Amino acid sequence: MQHWARRLEQEIDGVMRIFGGVQQLREIYKDNRNLFEVQENEPQKLVEKVAGDIESLLDRKVQALKRLADAAETFQKAHRWQDNIKEEDIMYYDAKADAELDDPESEDVERGSKSSTLRLDFIEDPNFKNKVNYSYTAVQIPTDIYKGSTVILNELNWTEALENVFIENRRQDPTLLWQVFGSATGVTRYYPATSWRAPKKIDLYDVRRRPWYIQGASSPKDMVIIVDVSGSVSGLTLKLMKTSVCEMLDTLSDDDFVNVASFNEKAQPVSCFTHLVQANVRNKKVFKEAVQGMVAKGTTGYKAGFEYAFDQLQNSNITRANCNKMIMMFTDGGEDRVQDVFEKYNWPNRTVRVFTFSVGQHNYDVTPLQWMACTNKGYYFEIPSIGAIRINTQEYLDVLGRPMVLAGKEAKQVQWTNVYEDALGLGLVVTGTLPVFNLTQDGPGEKKNQLILGVMGIDVALNDIKRLTPNYTLGANGYVFAIDLNGYVLLHPNLKPQTTNFREPVTLDFLDAELEDENKEEIRRSMIDGSKGHRQIRTLVKSLDERYIDEVTRNYTWVPIRSTNYSLGLVLPPYSTFYLQANLSDQILQVKYFEFLLPSSFESEGHVFIAPREYCKDLNASDNNTEFLKNFIELMEKVTPDSKQCNNFLLHNLILDTGITQQLVERVWRDQDLNTYSLLAVFAATDGGITRVFPNKAAEDWTENPEPFNASFYRRSLDNHGYIFKPPHQDTLLRPLELENDTVGVLVSTAVELSLSGRTLRPAVVGVKLDLEAWAEKFKVLASNRTHQDQPQKQCGPSSHCEMDCEVNNEDLLCVLIDDGGFLVLSNQNHQWDQVGRFFSEVDANLMLALYNNSFYTRKESYDYQAACAPQPPGNLGAAPRGVFVPTVADFLNLAWWTSAAAWSLFQQLLYGLVCHSWFQADPAEAEGSPEARESSCVMKQTQYYFGSVNASYNAIIDCGNCSRLFHAQRLSNTNLLFVVAEKPLCSQCEAGRLLQKETHSDGPEQCELVQRPRYRRGPHICFDYNATEDTSDCGRGASFPPSLGVLVSLQLLLLLGLPPRPQPQVRARARAASPRL
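Under an unreviewed UniProt entry, the name given to the chain is Calcium voltage-gated channel auxiliary subunit alpha2delta 2, and the organism recorded is Chinchilla lanigera. Database annotation for the chain, UniProt heading Subcellular location (unreviewed entry): "Membrane". The record held by UniProt for the chain lists under Sequence similarities (unreviewed entry) the comment "Belongs to the calcium channel subunit alpha-2/delta family."

Caption draft 1: Highlighting the overall build of the chain. Counting its secondary structure elements, the chain contains 33 helices and 37 strands. Expressed as a percentage of its 1078 residues, the buried residues of the chain come to 58%. Contacts in the chain between residues at least 24 apart in sequence constitute 74% of all its contacts with a sequence separation of at least 6. With an accessible surface of roughly 46,000 Å², the chain has 48% of that area assigned to carbon and sulfur atoms.

Caption draft 2: Structural detail: the nonpolar core. Residues Leu851, Phe967 and Phe979 are the most contacted members of the largest nonpolar core, which totals 91 residues. When residues no more than four places from it in sequence are discounted, the contact partners of Leu851 are Ile818, Phe856, Tyr857, Phe967, Ala969, Leu978 and Val980.

Caption draft 3: Representation of the state of the cysteines in the model. Scanning the model with the defined rule gives six disulfides in all. Cys272 shares a disulfide with Cys1008; S-S distance 1.6 Å. With the S-S bond torsion at -80 degrees, the cross-link from Cys272 to Cys1008 turns out left-handed. Pair noted here: Cys272 is in the loop between strand S9 (267-269) and strand S10 (277-278) and Cys1008 is in helix H31 (residues 1007-1010), with a separation of 736 residues, a long-range link. The disulfide partner of Cys323 is Cys1023, and the gap between their sulfur atoms is 1.9 Å. Between Cys323 and Cys1023, the disulfide has an S-S torsion of 100 degrees and is therefore right-handed.

Caption draft 4: Molecular detail of the side chain of Thr185. Turning to its location among the elements, Thr185 is positioned in the loop between strand S5 (179-183) and strand S6 (188-191). One polar contact links Thr185 to Ser183, side chain to side chain, over a distance of 2.8 Å.

Caption draft 5: Broad picture of the confidence of the model for the chain. Averaged over the chain, the pLDDT score is 86; the fraction of residues at 70 or greater is 84%. Contacts for the low-pLDDT stretch residues 875-933, under 50 throughout, to residues beyond four places or in other chains number 95 contacts. Contacts from residues 1039-1078, a stretch scored under 50 in pLDDT, to residues over four places away or in other chains number 62 contacts.

Caption draft 6: Spatial organisation of the packing of aromatic side chains. For the structure shown, the criterion picks out 45 aromatic pairs. Taking 4.8 Å as the distance between ring centres and 35 degrees as the angle between the ring planes, the aromatic pair formed by Tyr379 and Phe381 counts as tilted. Between Phe481 and Tyr556 the ring centres are 6.3 Å apart and the planes differ by 70 degrees, which places this aromatic pair in the edge-to-face class. Remark: Tyr556 occurs in strand S21 (residues 549-560) and Phe481 occurs in strand S18 (residues 479-483); sequence separation between them is 75 residues. Tyr556 shares its class with Phe481; the two are buried. Over the ring of Trp775 we find Lys778, and its NZ or CZ is 5.1 Å from the ring centre.

Caption draft 7: Structural context of helix H10 (residues 281-291). Those residues of H10 that sit buried are Asn283, Lys284, Val286, Phe287, Lys288, Ala290 and Val291. Where the residues of H10 are buried, they touch helix H9 (236-249), strand S8 (257-263), S10 and H31.

Caption draft 8: Seen up close, the environment of Gln645. By secondary structure assignment, the location of Gln645 is in the loop between helix H22 (625-636) and helix H23 (648-669). By relative accessible area, which is 22% here, Gln645 ends up partly exposed. C-alpha separation for the pair Gln645 and Lys617, spaced 28 residues apart in sequence, amounts to 5.9 Å. Ignoring anything within four residues of it in the chain, the contact list for Gln645 reads Cys616, Lys617, Asp618 and Val639.

Caption draft 9: Examining the packing of helix H2 (residues 22-31) against H23 more closely. Orientation of H2 relative to H23, taken along the N-to-C sense of each, is 130 degrees, at an axis distance of 10 Å. One way to sum up the angle between H2 and H23 is to call them oblique. Judged by the sense of rotation from one axis to the other, the crossing of H2 with H23 is right-handed. Every residue of H23 that contacts H2 at Gln24, Leu25, Glu27, Ile28, Tyr29 and Asp31 is listed here: Asp657, Ile660, Gln663, Leu664, Arg667 and Val668.

Caption draft 10: Structural context of the environment of Asn830. Locating Asn830 in the fold gives a position in the loop between strand S31 (824-827) and helix H26 (845-853). On the basis of relative accessible area, Asn830 is assigned to the partly exposed category, the value being 43%. Engagement of the side chain of Asn830 in a polar contact is seen with the side chain of Lys780, the distance being 3.2 Å.

Caption draft 11: Region of interest: unusual backbone geometry. Note that the residue after Tyr191, namely Pro192, is joined by a cis bond; omega there is -5 degrees. Topologically, Pro192 is positioned in the loop between S6 and helix H8 (211-217). The omega torsion of the bond from Trp347 to Pro348 falls at 5 degrees, within 30 degrees of zero and hence cis. Relative to the helices and strands, Pro348 is located in the loop between helix H12 (339-345) and strand S12 (352-359). Notably, Glu546 is not glycine yet its phi reads approximately 60 degrees, a positive angle. Tracing the backbone shows Glu546 in the loop between strand S20 (533-542) and S21. According to the relative accessible area criterion, Glu546 is partly exposed, its value standing at 37%. Positive phi, close to 70 degrees, is recorded for Ser563, a residue that is not glycine. Tracing the sequence through the fold places Ser563 in the loop between S21 and strand S22 (567-572).

Caption draft 12: Here's a closer look at the environment of Val748. With respect to the helices and strands, the residue Val748 is situated in strand S28 (residues 745-756). Since its relative accessible area comes to 2%, Val748 is described here as buried. With near-sequence residues (within four places) excluded, Val748 lies in contact with Met16, Phe683, Tyr723, Ile724, Phe725, Val766, Gly767, Val768 and Leu770.

Caption draft 13: A look at H22. Over its 12 residues, H22 runs 16 Å from end to end, which matches the ideal 16 Å to within 8%, given 1.5 Å per residue. Listed in full, the buried residues belonging to H22 are Asn625, Phe628, Leu629, Asn631, Phe632, Ile633, Leu635 and Met636. Contacts from the buried residues of H22 go to helix H20 (587-594), helix H21 (602-605), strand S24 (607-610) and H23. By the N-cap criterion, in which a side-chain oxygen at the helix start approaches the backbone nitrogen of a residue two or three places on, H22 is capped by Asn624, the distance to Thr626 being 2.9 Å.

Caption draft 14: Here's a closer look at the pattern of salt bridges. A complete count under the given rule lists 42 salt bridges for this structure. Here Asp53 makes a salt bridge to Lys49, at a shortest N to O gap of 2.8 Å. Here Asp53 pairs with Lys49, and both are found in helix H3 (residues 43-78), just four residues apart, close to one helical turn. Classification of Asp53 as partly exposed rests on a relative accessible area of 26%. Its salt-bridge partner being Arg562, residue Glu55 comes within 3.3 Å of it at the nearest N-O pair. Taken together, the residues Glu55 in helix H3 and Arg562 in the loop between S21 and S22 connect sequence positions 507 residues apart. We classify Arg562 as exposed; its relative accessible area is 56%. Put simply, Asp509, Asp512, Glu516, Arg524 and Arg1015 are held in one network by salt bridges that share partners.

Calculation rules
- Residues numbered from 1 in each chain as written.
- Predicted model: local features only at pLDDT ≥ 70, side-chain atom pairs only at ≥ 80, totals over all residues.
- Heavy atoms only, no water.
- UniProt positions renumbered as here; feature names shortened; annotations may be inferred.
- Helix = DSSP H or I, 4+ residues; strand = E, 2+ residues; numbered from the N terminus.
- Buried < 20%, exposed > 50% of the residue type's maximum accessible area, 1.4 Å probe, protein only.
- Contact = heavy atoms within 4.5 Å.
- Areas by Shrake-Rupley, 256 points an atom, 1.4 Å probe, with all protein chains shown as cover.
- Core = buried A, V, L, I, M, F, W, Y, C linked by side-chain atoms within 4.5 Å.
- Disulfide = S-S within 2.5 Å.
- Polar contact = N/O pair within 3.5 Å; in protein donor to acceptor, adjacent residues only side chain to side chain.
- pLDDT = per-residue confidence, 0-100.
- Phe/Tyr/Trp six-rings, centres within 6.5 Å; stacked < 30°, edge-to-face > 60°.
- Lys NZ or Arg CZ within 6 Å of the ring centre and 35° of its normal.
- Axes fitted to C-alpha atoms, helices over the stretch in contact; angles between N-to-C directions.
- Parallel < 35°, antiparallel > 145°, perpendicular 65-115°, else oblique.
- Left-handed = near helix turned anticlockwise from the far one by under 90°.
- Expected span 1.5 Å × (residues − 1).
- Salt bridge = Lys/Arg side-chain N within 4 Å of Asp/Glu carboxyl O.

See the structure below:
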């Protein structure tokens, strides 16, 4: 077998030396040494420069934010509250007006209130990916807020003055994107104006529930939610509580920590989490699912609930926010005030705020609940029906904002958010936030107002930050990344969410963006701590097509981005320390090389694919490379490579590589007969963006990415020494390869390494494309006792003796070449030729398992948290639809049920299905045409295999009694291939477990175990949770208005007739935020 292995190695090496042209290309580069310079990437200087550029970009946004916040506070302070203000007194552009005009059932169309709404003209702006109007702002008001209320109209009145500040900001910095003021009343005023992107279902957007608003409106939180599940909490009330908890969880961000418990006589966590955990998307999902399992029974025991909550908050042995501490209690009522508990745990300092929520329709005395909140610096809320949930589960933020407002200028610090999806279509953004305070006072010497007016925000698109990073000088495998204090990536080439939910931030941890190891954990920790550093490590990387794992060397360099919570890192392979910079000052030579890009030259010089890069500003992009090349050529006929509107570095390198690869054709490829060695094509790809495929007709079957930096073969060849085989990709769900017209090939590629004046770099990759069927026959000969293919095949039979080989004994021997990912490359079995490219376990599960068990392969499992999955069809377990609440006899006897039942029936399908999906499912007819319904974010488990520790020849027996098999395996030197010779299985009784390589749907790692070993993080550097001058007297005294029987009957009649009740003005406690008289 070793003899066969050497023959295979020599054949592969001979073909690559003759046709690959590695040595010849080295000589070509040296012959053209005067046409380029070797430049050095200095990691420390590079990363500091990029960090400085990002800091400058963000600082310009900070200055605009401060101007806006100062102006807003000034305008609101000067505003005179108007009790008699009317809708027709206010002129503004309602961002949802166009959508509502198209909806005949809209409340505004019904009332005919469009007289106050401006009609605007818009122009397309590529920066916003939208049509905008730069002369006006737009206003978005949540669907569940009445636009004509006095509070809202006054808010619209004073915020109108912000329009001129928005416009002036843009004049000073034309690169500004969305400028937004999110008001604590729910009003959003943003600039420039554009129409609102209303969803197909009910629009539930409320700025106060956006991640950027929550972060800007309060300091981090440690929250314990306790839910009364005593026997009196049943039916609708329990459902309201479950919904309320889900909504409460949505007000938390990744800087917050939370736990949820239920209580009756005893308290217990609703989930597997036994302590406070980070309020990230996955943990909140666990809570939301667990909450649905709560069952009402037993008697109310406030003491048990509060003692559990205080114990949670006093646990200092865990990671937590260490800022605002609070307990949120949901109950239907009770008599016990548990004063002894508060005296023991919270008095006299009152470091924990208590918020109480009276849920459902009942006649209990709510005075104890009010007392609990008022004596513990909290607030009391009432949630009689589902319509009150959203507003009352977010207004606690007003209370938490008090210490910020009282801290004044000290609290006026800009914070930068996690990455999230912009609601207006800008894509992935980060937002700088700054709180806006109410500066009014009742009179001279009176107490200062302590209410937050809202949050000012300015978006920065991730693409704008990426433009500040070096692109093509770092090589195919070099990149820049950035992370925040949670370890989440702001920039990373692997940050590619397949689907985004604008209600949640995009939180991809650095250790999930890459393959985790101890070195990267230490780098991540250092970056979070704001330190500088440099380290060279050996690490695993996943190939671009996610089929292979390579062990590589990487240099990591990192620095903090000053004035932000971000840290920037640079990753460089050692071979990317240097790069080529073309110096084509000779215009005659430019023209000569450029002519080799013309399609008229392809027949003689081979087909050229050019990387679709941004060579010039006026170059029209296209996904079709032929069309892109045509656009490029047309533009080059109008401008020169030295034009100011073009990237001279990219253009010069492209033209230089065009000439260099043409010389390879001239010196090597054109004079060779590819058919002699059964080759379909030869090719070369370069850092400059050229991929030349010879002969021209081979380009018809070329499926690799025209951007070399995005081609898996290119990146893997740079990272590995020797010849890298890449069989055609086959999915197990697709039909086998069709071996027709010799079009199926196997790529073999290798990097071209240059050494110039002691500086080493790899500017190109060359290779060949093997004719699969012809090389399968050649493989059988090389792994046989014949010396060459023309020698007659020796026959073995009863009367003649011969040695075993892969050709003569192909009925008894299985001979295969498998690559380093475990994929079949070549086989001596004709019936397996159409399975080339498949994971070998799908071809011979028994043998692949033996190779794995004998350490020829190592398995690596990881999770893709950015995948998109088709929604699971709902189960039909019963005759009745799940979305219908069926009242019990007790509910009918309880008159209060009729009030909440009306609201519930009207809103449950529309609202709750968007909050906790475990209750209600989307109507299939409605979801059919919706992209959101077709795909949702999910977790996929990925499994890759790579070569293990065994390098030498190895013999082993697959032990299975009478079905045992002997096999031999040996790595082929200077390749990524494993040569395996095995006895064919005599029977199928040895079928053991099958190794799986394909991506599978997963719930991800067990969250209950992950929270026991949380990743390192740091919270924001600032915390405002206490101020000695805080006035806690406003704590939600509540009001009881017993409904009349006539009102109850009217509501139910409206329900039966299908007529929604008209929204009533919401004159709530929020009125105090807009009125200067407090």
